[in-house]
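# Report on the structure
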Amino acid sequence: MGSCHDEGTDPDELAATDAETIALVGAPNVGKSAVFNRLAGEEVDVSNYPGTTVSATVGEFEGSQLVDAPGAYGISSFSEEERITREVVLDADLAINVIDATQLERDLFLTHQLLDMGVPTVVALNVMDEVRRDGDEIDVDALEAELGVPVVPTVAVDGEGIDELCDAIDRARAPEETPVEQWFDELPDVDASRRESVLVLEGDQPTLDRITSSEVLADGGVAEVELPSLRDEIYEHRRERVDATVEAVHSTGESGRNLTDAVDDLLLNPVTGTPLALLGVGLIYLFIGDLIAQRLVDFLEAEVIGGYYVPWITAVVESVVPASGVYEPLHFILLNDNLGLLTVTVQYLFGVLLPLVVAFYLVIGALEDSGLLPRLAVLTDRGMSRIGLNGRAVIPMIVGLGCVTMAVISTRIAGSRRERLISTALLGLAVPCSAQLGIILGLLAALGLGWWFAYLAVILLVFGIVGMFLDRTLPGDSQGLVTELPRIRRPHAGNVLQKTVTRAKGFLAEAIPLFAVTAVLISVMDYLGYLASLVRGLRPATVVLGLPAEFGQVLVLGLVRRDFAAAGMTDLALTTPQIFVGLVVITLFVPCVLAMAMIVKERDLKSGLLMWFGSWAVALLVGSVLAAVVSLL
Amino acid sequence: MKCPTCEYELDPLEHEKCPRCGSLLSCSALDCGSCDACAGSFASLGRGLFSRSKDD
């Protein structure tokens, strides 16, 4: 139950055929991605905050192409997400409109708009569990009669109602007539479908351009057509119809304020919310820094990998590959103590990185599902406004604590180009990814809580100073916080685990080949003596940082991935202040190669290069100042 | 101003709630930073008092 996916055609192959296209549309954070996962059997991230889907995702559902459109409150062109959704809807054969049953007044606007446009639709009335919990009632039959299309109650994250939704897709339809027809006389003289006509009447310029660009005049130009300005009139009329529908189908229970509302008030009040947020950070530290990094990693590294795996693989390789003659280089690459492909590399990946990354994904997944992240946005809005951002930018920052590469994509939710640039620069500079942070937490746990707070203070200080610098130097103004607060929910264990497994698989798929290539390259350089030269070349930097020459090798690893650098630090014999300085430096060091590629893609090459060289400069500058300070201790 | 929920551009003087997403546009639901309905501090004070007394 709960999934009607039938393993079948590849979505790319479907796109090339005349397969039916089903658009999955709805407001942000209503559960579209959860429905998509159930229908297409794929694993799109599902989170309890708006903006999880910032581009359309394509999957396959029973021979049709299923397109998960970005969240939108209406079909129009007010934002990039809406523009993508508009194109998806205009080209779709039918739509599954996912609506939040606790937000009928908000979400039925889009439903009525789809029906006005004549898009065959089936409605998934999602989050019904919360309606029941609130003691509210929705008359589904009455809603179906009001809208004239199938309505299926669902709880997508649990799979409830998904089979019924699959059955209803064949019955998707739209009313033959629409009240918007009363304005059709006002349409310019263009050849438009009903969908396009409605959007043109609502003043959607890109839709008008789409129509007129195909009408080439005799002189080769395109027709200049005036756009009607009936948007307010049509929207007001539709709003009245939505209110009437809600009035007819929805009845409110007598539950009053509940515990969730009380918790919400505490979280949003700076006086109580800030200590609660700090308490949350402390608990995360105890879980990852102590339980996972100190106990599980130690056990895996020393007992399992060091005690059983490394002696076994060493014996196997030595029985096959001699340590002398022509095989000597291969033997060295596979088994050397520095970064042997089958020894230290495996130990780093599976003994250190994987448990920490999985633990962090679990924490981030639970935070995302609970709806706490947007509340953190509200709480941090005032502070973020000092560095040219608003509270929404805290979401890419927290996503960045999972993976900076993904977070660079999610900076799209930060209003303007200026805010995206500032967010990206801060992500690349001062936000460690989960893999790196896990190891950093582990190393800091061994130093003590004082060093942990000192580390946090330095990183936040650099974050603030660089943010203020960018805010004062970049042209333009910042926008205020505009965000919607989803309900606080108990995280669904299944969803959190699924996300963790998906992300961990993604991490391994990316890290294993990259780590293997890096290990081979570094081992070859080591064998030929080039590594020593490169590390010697970095000696002036390590001297300024008060660190041993071997730290140069950590920096070389950091050029590929920052977590490799962090993992490399676990093997160095350093004093407590040196570990502290080293951790700050590798945190502020250049973004990993994949994050750099994403930065160049999302911003531009010039910005990417500035960020890369800027990271070198800031990391070395801050590190050298810290080295001077800790030497006084 | 832009609706705080759906970012629909609207005139707060003409609407009690956003025509698109239905969000309430009273002074209790909005802060002055996201609304440009009032010409000055006195207008803001008067509107705030009126709006809050109406909501209560």
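Residues numbered from 1 in each chain as written. Chains lettered and ligands numbered in written order. Predicted model: local features only at pLDDT ≥ 70, side-chain atom pairs only at ≥ 80, totals over all residues. Heavy atoms only, no water.

In terms of regular secondary structure, chain A is built from 28 helices and 8 strands. Looking at chain A as a whole, 53% of its 633 residues are labelled buried. Considering only intrachain contacts with a sequence separation of at least 6, the fraction spanning at least 24 residues in chain A is 75%. Of the roughly 26,800 Å² that chain A leaves accessible, carbon and sulfur atoms contribute 59%. (Helix = DSSP H or I, 4+ residues; strand = E, 2+ residues; numbered from the N terminus. Buried < 20%, exposed > 50% of the residue type's maximum accessible area, 1.4 Å probe, protein only. Contact = heavy atoms within 4.5 Å. Areas by Shrake-Rupley, 256 points an atom, 1.4 Å probe, with all protein chains shown as cover.)

Before going further, it helps to spend a moment on helix α3 (residues 80–91) of chain A. All names here are of chain A. With 12 residues, α3 should cover 16 Å at 1.5 Å per step; its first-to-last C-alpha distance of 17 Å lies within 8% of that length. Listing the buried residues of α3 in full gives Glu81, Glu82, Thr85, Arg86, Val88, Val89 and Leu90. Among the structural elements, β1 (21–25), β3 (64–68), α4 (104–116), α8 (194–201) and α9 (205–212) are those in contact with the buried residues of α3. (Expected span 1.5 Å × (residues − 1).)

The subject of this paragraph is a negative patch on the surface. A surface patch of like charges, here negative, comprises A:Asp185, A:Glu186, A:Asp232, A:Glu233, B:Glu9, B:Asp11, B:Glu14 and B:Asp36. Along the chain, the position of B:Asp36 falls in the segment before α1 (41–55). (Patch = residues over 30% accessible without salt bridge, like charges linked within 9 Å, V, L, I, M, F, W, Y side chains within 5 Å. Salt bridge = Lys/Arg side-chain N within 4 Å of Asp/Glu carboxyl O. Lys, Arg positive; Asp, Glu negative; His and termini not counted. Charge placed at Lys NZ, Arg CZ, Asp CG, Glu CD.)

Facing 13 residues of chain B, the contacting portion of chain A comprises 18 residues. In total, chain B and chain A occlude about 1,400 Å² of area from one another, counting both sides; carbon and sulfur atoms represent 51% of this. Taken as a group, B:Tyr8, B:Pro19 and B:Arg20 account for 44% of the area that chain B buries against chain A, more than any other trio of residues on that side. Connecting chain B to chain A are 3 salt bridges. A salt bridge links B:Arg20 to A:Glu82, with the nearest nitrogen and oxygen atoms 2.7 Å apart. Along the contact surface separating chain B from chain A lie 9 residue pairs in polar contact (both at pLDDT 80 or more). Its residues assigned to classes, the side of chain B that touches chain A comprises 7 nonpolar, 3 polar and 3 charged. (Buried area = accessible area lost by both parts, 1.4 Å probe. Polar contact = N/O pair within 3.5 Å; in protein donor to acceptor, adjacent residues only side chain to side chain. Nonpolar A, V, L, I, M, F, W, Y, C, P; charged D, E, K, R; others polar.)

Take the sheet that holds strand β7 (residues 151–153) of chain A next. Residue and element names in this part refer to chain A. With mixed pairing, 6 strands are arranged side by side in an open sheet as β2-β3-β1-β4-β5-β7. A single partner strand is all that each edge strand has here, and the edge strands are β2 (57–61) and β7. With direction set aside, neighbouring strand axes in the sheet form an average angle of 25°. As paired elements, strand β5 (residues 121–126) and β7 share 3 bridges and run parallel to each other. (Pairing = 2+ DSSP bridges. Axes fitted to C-alpha atoms, helices over the stretch in contact; angles between N-to-C directions.)

The next subject is the environment of A:Pro577. All names here are of chain A. One can find proline 577 in helix α26 (residues 576–588). The spatial distance from the C-alpha of proline 577 to the C-alpha of glycine 546 is 9.5 Å, given a sequence separation of 31 residues. If near-sequence neighbours (up to four positions away) are discounted, proline 577 is found in contact with Trp451 and Val630.

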